[in-house]
Amino acid sequence: MQKFLSLMLVAILWGCVPGHAQKETLPTFDVASVKVNPSGGGRSHIWSGASEGSFKTENVSLKGLLQFAYGLPETQVLGVNGAIADKKFDIEAKVDDAAEEEIHKLSTDEGKLRKQELVRALLAERFNLVCHMETRELPIYALVVAKGGPKLTPTKSNGLLIGGSYGKLTAEGLTVDGLARELAKTVGRVVVDKTEVKGKFDVTLQWTPDEGPARLNGVPISDPPPAIFTAIQEQLGLKLEPQKGPVQVVVVDHVEMPTEN
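In this report, the structure presented in the accompanying data block is examined. Everything numeric in this text was worked out from a predicted model, so none of it was measured.

1. Quick notes on the nonpolar core
Phase 1 of the analysis: In terms of nonpolar packing, the biggest core is built from 29 residues, with F29, L62, L65, L66, Y70, L123 and F127 touching the most fellow members.
Phase 2 of the analysis: Listing elements by their share of this core, those giving two or more residues are β1 (31–36), β3 (54–61), α2 (62–70), β5 (88–94), α4 (108–126), β6 (130–145) and β14 (238–254).
Phase 3 of the analysis: Per element, the largest residue contribution to this core is five residues, and it comes from α2.
Phase 4 of the analysis: Setting aside anything within four residues of it in sequence, one finds L62 in contact with V80, I84, K87, F89, L123, F127 and V255.
Phase 5 of the analysis: In terms of nonpolar packing, the next biggest core, distinct from the first, is built from 24 residues, L143, L152, V197 and L205 among them.

See below:
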């Protein structure tokens, strides 16, 4: 028990502990409600503006919360096992007025980092989360330029907009590194940008998922797009090559069902 309490203290003060961590005192939400979502299915949502001190989720898994808290895709979150892995959570949390005012003064990137810190502290307090960060040699995909060169449209947007649906990704103002992160969500591995292509682009990518083509009124659409690997090459002039490489991962050492209120 003493060892576990010591680990808990480390988790609260440091978040997940990397190999060469810098000590941090994590800010905390003033009030937070955490409940298990009773539906057991459906879509997941996270509401979290970078300039706001509130955080809300609906039907989000622990792995999804860890993805948000550490800014890593699902493939880099390990050790979420047991009954809690199948649960989804509804969370409503906010900071006090003073902290809210401070967040308003932060840049977008700073505000995003602050929100991640708040969620990490929430996970440590309510889920008794203890985790660490490490680098592992894992299968990855390298995103490289295909024969014939990239087929990317330079953006006219001043911001970043990413959307998607079944078998479709659309984006404005997306870097190729950002595209690699989006592709990782679909292909199930870390994707590393090795194209050396600079700039920001508008992207439309359509593919047929493993589950089959999209349906219209219950009937599969005619002439569906190709599988993801072929679509990337044909539509974007890029391709994915299987490799192995060092990957930073979050590893959960201990977690419990959260205390609800």
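2. Considering the packing of helix α5 (residues 176–187) against helix α6 (residues 228–236)
Phase 1 of the analysis: Two numbers describe how α5 lies on α6: the axes approach to 12 Å, and their chain directions differ by 155°. Taken together, α5 and α6 sit at an angle that is classed as roughly antiparallel. From α5, L179, L183, T186 and V187 reach across to α6, where they touch I228, F229, I232 and L236.

3. Here we look at the layout of surface pockets
Phase 1 of the analysis: In this structure, the largest pocket occupies an estimated 2100 Å³ of space.
Phase 2 of the analysis: Listed by contribution, the elements that provide at least two residues to the lining of the largest pocket are β2 (45–47), β3, α2, α4, β8 (161–165), β9 (168–174) and α5.
Phase 3 of the analysis: Element by element, the count of residues in the lining of the largest pocket is highest for α5, at eight residues.
Phase 4 of the analysis: A per-class count over the lining of the largest pocket returns 15 nonpolar, 22 polar and 13 charged.

Conventions and cut-offs
- Residues numbered from 1 in each chain as written.
- Predicted model: local features only at pLDDT ≥ 70, side-chain atom pairs only at ≥ 80, totals over all residues.
- Heavy atoms only, no water.
- Core = buried A, V, L, I, M, F, W, Y, C linked by side-chain atoms within 4.5 Å.
- Buried < 20%, exposed > 50% of the residue type's maximum accessible area, 1.4 Å probe, protein only.
- Helix = DSSP H or I, 4+ residues; strand = E, 2+ residues; numbered from the N terminus.
- Contact = heavy atoms within 4.5 Å.
- Axes fitted to C-alpha atoms, helices over the stretch in contact; angles between N-to-C directions.
- Parallel < 35°, antiparallel > 145°, perpendicular 65-115°, else oblique.
- 1 Å grid on protein atoms, 1.4 Å probe; cavity = no way out; pocket = protein on both sides within 12 Å on 5 of 7 lines; lining within 4 Å.
- Points joined across faces, edges and corners; volume = space filled by probe spheres on them.
- Nonpolar A, V, L, I, M, F, W, Y, C, P; charged D, E, K, R; others polar.

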